[in-house]
Amino acid sequence: MIHRMNAPIVLTRNESVKGVRNVVTTNELPPRTVYGCVRDIQSNSNQNNTDPAEWEYKASLAFSLRDDIKKDDTLDLPGHGVFVVSDVKPGRQFFAVTAMQWKRGAE
């Protein structure tokens, strides 16, 4: 399978910083653009009685091994919104990444 790494994806990462008196805070690192392949986006919805509808989107992506992708990174996919990385598996030629997005109600 040929993967064209031509989709610009904005990656945002948070880092934990231990401050005064061992208080841990998170800092958002500057966003950077990486290029990857959007392989598939699946959607699933659920609604019980009068509860608001809930949607779950699961994106399968591929990135070059030289890109630094970690679990809990935030990926902004053009035309699809913001996803959170839930799984990263290194392969022979690329990272296989699974990212999730959740929506509730009329969002």
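Residues numbered from 1 in each chain as written. Predicted model: local features only at pLDDT ≥ 70, side-chain atom pairs only at ≥ 80, totals over all residues. Heavy atoms only, no water.

### Here's the deal with the pairing of strand β3 (residues 24-28)
When you tally the buried positions in β3, you get zero out of five residues, a small fraction of the element. Pairing of strand β2 (residues 14-18) with β3 involves five bridges; the strand directions are antiparallel. Looking at β3, one finds that K18 is bridged to V24. A loop of five residues connects β2 with β3, the two strands running antiparallel in sequence, and R21 in this loop sits at a positive phi of about 60 degrees. (Buried < 20%, exposed > 50% of the residue type's maximum accessible area, 1.4 Å probe, protein only. Helix = DSSP H or I, 4+ residues; strand = E, 2+ residues; numbered from the N terminus. Pairing = 2+ DSSP bridges.)

### Quick look at unusual backbone geometry
Backbone geometry follows two general trends: most residues other than glycine have a negative phi, and most peptide bonds adopt the trans configuration. Positioned with a positive phi, R21 is a non-glycine residue whose angle comes to about 60 degrees. Among the structural elements, R21 can be located in the loop between β2 and β3. One non-glycine residue, D72, adopts positive backbone phi at about 75 degrees. Mapped onto the elements, D72 comes out in the loop between β5 (54-64) and β6 (74-77). For D72, a relative accessible area of 58% translates into the label exposed.

### A closer look at the side chain of D73
Looking at the element boundaries, D73 is found in the loop between β5 and β6. Accessibility expressed as a relative area gives 2% for D73, which makes it buried. Leave out the neighbours within four places in its chain, and D73 touches L11, T12, R13, D68, F83, V84 and V85. (Contact = heavy atoms within 4.5 Å.)

### Things to note about the side chain of T12
Tracing the sequence through the fold places T12 in strand β1 (residues 7-12). A relative accessible area of 16% places T12 in the buried class. With sequence-adjacent residues up to four places away left out, T12 is seen in contact with E28, L29, P31, D73 and T74.

### Concerning the nonpolar core
Of all hydrophobic cores here, the largest spans 14 residues; its most connected members are L61, F63, I69, L75 and V97. Within the residue set of this core, elements represented by two or more residues are β1, β5, β6, β7 (81-90) and β8 (94-104). Beyond its immediate sequence surroundings of up to four residues, L75 is in contact with I9, V10, L11, L61, F63, G81, V82, F83, V85 and A99. (Core = buried A, V, L, I, M, F, W, Y, C linked by side-chain atoms within 4.5 Å.)

### Quick look at the sheet that holds β1
The pairing of strands in a sheet happens through backbone hydrogen bonds and is either parallel or antiparallel. Strand order around the closed barrel formed by six strands is β1-β4-β5-β8-β7-β6, with antiparallel pairing between neighbours. For this sheet, the mean angle separating the axes of adjacent strands, direction not counted, is 45 degrees. Here strand β4 (residues 32-46) pairs with β5 via ten bridges, running antiparallel. Following the sheet pairing, N46 is matched in β5 by E54. (Axes fitted to C-alpha atoms, helices over the stretch in contact; angles between N-to-C directions.)

### Overview of the environment of Q47
Positionally, Q47 belongs in the loop between β4 and β5. When its relative accessible area of 51% is taken as the criterion, Q47 is described as exposed. On a C-alpha basis, the gap between Q47 and H80 in space is 22 Å, while along the polypeptide they are 33 residues apart. Among residues more than four places away in sequence, those in contact with Q47 are P52 and A53.

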